[in-house]
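# Coordinate analysis (summary)
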Amino acid sequence: MGRWNAIVFDLDDTLYPERDYVLGGMKAVASWAEAELGIPSSHGFAELTELFEHGVRGVTFNRWLGSHGFLDETLIASAVHAYRAHRPVLRPFREVPALLTSLKREHQLGLLTDGYVEVQRGKLEALRLTPYFDAIVLSDELGRDAWKPSPKPFLALLERLGGPAPEYVVYVADNPSKDFLGARTAGLASIRVRRPGGEYSTLQPLTDAHRPDATIASLGSLEGALLELPAPAAEGWGAEA
């Protein structure tokens, strides 16, 4: 692993199960709806969870409030606020603390994550992982146009790490729709964590440019994958580990 100067991690569904954050937010929305709309919180939470389990994304609160006759833009905005403003209770995946401790002995560590600034800060505070990282970039701090797959947050992360050459940096993430294209454009290598049942585990890369350079089933395999990851110019770059 010595030739890699830095290992950079995504946050959501890479270092902790994002499902935990989502369900916590839905509990907050259900509590808000009980107080403001008279929908029993236990009933509301069950309905919101069912929508999530059935793959509804992006329009969850619209559909749920509409089913109760409250399809109103102001109420939808209030539900979104309740979701984003809740204080999450989160734990990293079991292997994460020991892995970060081990990697930190030989590498700089970075964190790069999309999402609204205050939401992502709340997650980091709950997870208590900040001390492991030498540099952190919340892409939203750079502007909405800097969210992945833009290379901007990757370049900002490299600068905060002190300017290591990008070809000696690996990005570890889970979403092939945006994570690896941004990393590749910025010159980084990449490893996909494809946990069975993960939010994006069934998602296929849209193009070869969206494809990671290696794939693992859990972070428990990361150190081995780093040893096996070929140099960018090597034949077979892009193979699954």
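See above for the structure.
Below is a summary of the structure that appears in this document. None of the values given here were measured: they were computed from a predicted structure. Each residue is numbered by its place in its chain's sequence as written, counting from 1. Two thresholds apply to this predicted model, a pLDDT of at least 70 for residue-level local features and 80 or more for giving and counting side-chain atom pairs, whereas whole-chain, interface and lining totals are computed over all residues. Water and hydrogen atoms play no part in the side-chain values, which are based on all heavy atoms of the structure.

### With respect to the overall build of the protein
Across its full length, the protein carries nine helices and six strands. As defined in this context, the radius of gyration uses C-alpha atoms, and a globule is described by 2.2 Å times the residue total to the power 0.38. For 241 residues, the compact-globule estimate of 2.2 N^0.38 gives 18 Å, and the protein sits close to it at 19 Å. The dimensions of the protein, computed from C-alpha atoms along their principal axes, are 60 × 35 × 35 Å. Buried, partly exposed and exposed residues are distinguished by accessible area as a fraction of the type maximum, computed with a 1.4 Å probe on protein chains only: under 20%, between the cut-offs, and over 50%, respectively. Within the span of the protein, comprising 241 residues, buried residues form 49% of the whole. In what follows, a contact means two residues having at least one pair of non-hydrogen atoms within 4.5 Å. Here the analysis covers contacts within the protein between residues at least 6 apart in sequence; of these, 67% occur between residues at least 24 apart. Accessible surface, the protein as shown: approximately 11,500 Å² in total, 52% of it carbon and sulfur. For the charge count, each Lys or Arg is scored as positive and each Asp or Glu as negative, with His and the chain ends excluded. By convention, charge coordinates are those of NZ in Lys, CZ in Arg, CG in Asp, or CD in Glu. Looking at charge distribution, the protein has the averaged site of its 24 positive side-chain charges lying 2 Å from that of its 32 negative ones. Secondary structure elements are defined from DSSP: runs of H or I of at least 4 residues count as helices, runs of E of at least 2 residues count as strands, and each element is numbered from the N terminus. In short, Shrake-Rupley with a 1.4 Å probe defines the accessible areas, and a residue's cover is counted only from the protein chains shown.

### Regarding the pattern of salt bridges
Any two side chains of opposite charge can pair if their charged atoms end up close together. The salt bridge definition used is simple: a Lys or Arg side-chain nitrogen within 4 Å of an Asp or Glu carboxyl oxygen. A full pass over the atoms with the stated rule returns 14 salt bridges. Glu 141 is paired through a salt bridge with Arg 160; the nearest N and O atoms lie 4.0 Å apart. With a gap of 19 residues between them, Glu 141 in the loop between β3 (135–138) and α7 (152–160) and Arg 160 in helix α7 connect regions that are remote in the sequence. The class of Glu 141 is partly exposed, set by a relative accessible area of 39%.

### With respect to the packing of aromatic side chains
Pairing of aromatic rings covers Phe, Tyr and Trp, the last counted by its six-membered ring, and requires centre-to-centre distances within 6.5 Å; plane angles under 30 degrees mean stacked, over 60 mean edge-to-face, and any other angle means tilted. Taken as a whole, this structure holds four aromatic pairs when the rule is applied. Their ring planes at 85° and their centres at 5.6 Å tell us that Tyr 21 and Tyr 83 sit as a pair that is edge-to-face. Taken together, the positions of Tyr 21 in helix α1 (residues 18–37) and Tyr 83 in helix α4 (residues 73–85) put the pair 62 residues apart, joining distant regions of the chain. Summarising the aromatic geometry, the rings of Tyr 116 and Trp 147 are spaced 5.4 Å apart at their centres and angled 70° between planes, so their arrangement reads as edge-to-face. With a gap of 31 residues between them, Tyr 116 in the loop between β2 (108–113) and α6 (117–127) and Trp 147 in the loop between β3 and α7 connect regions that are remote in the sequence.

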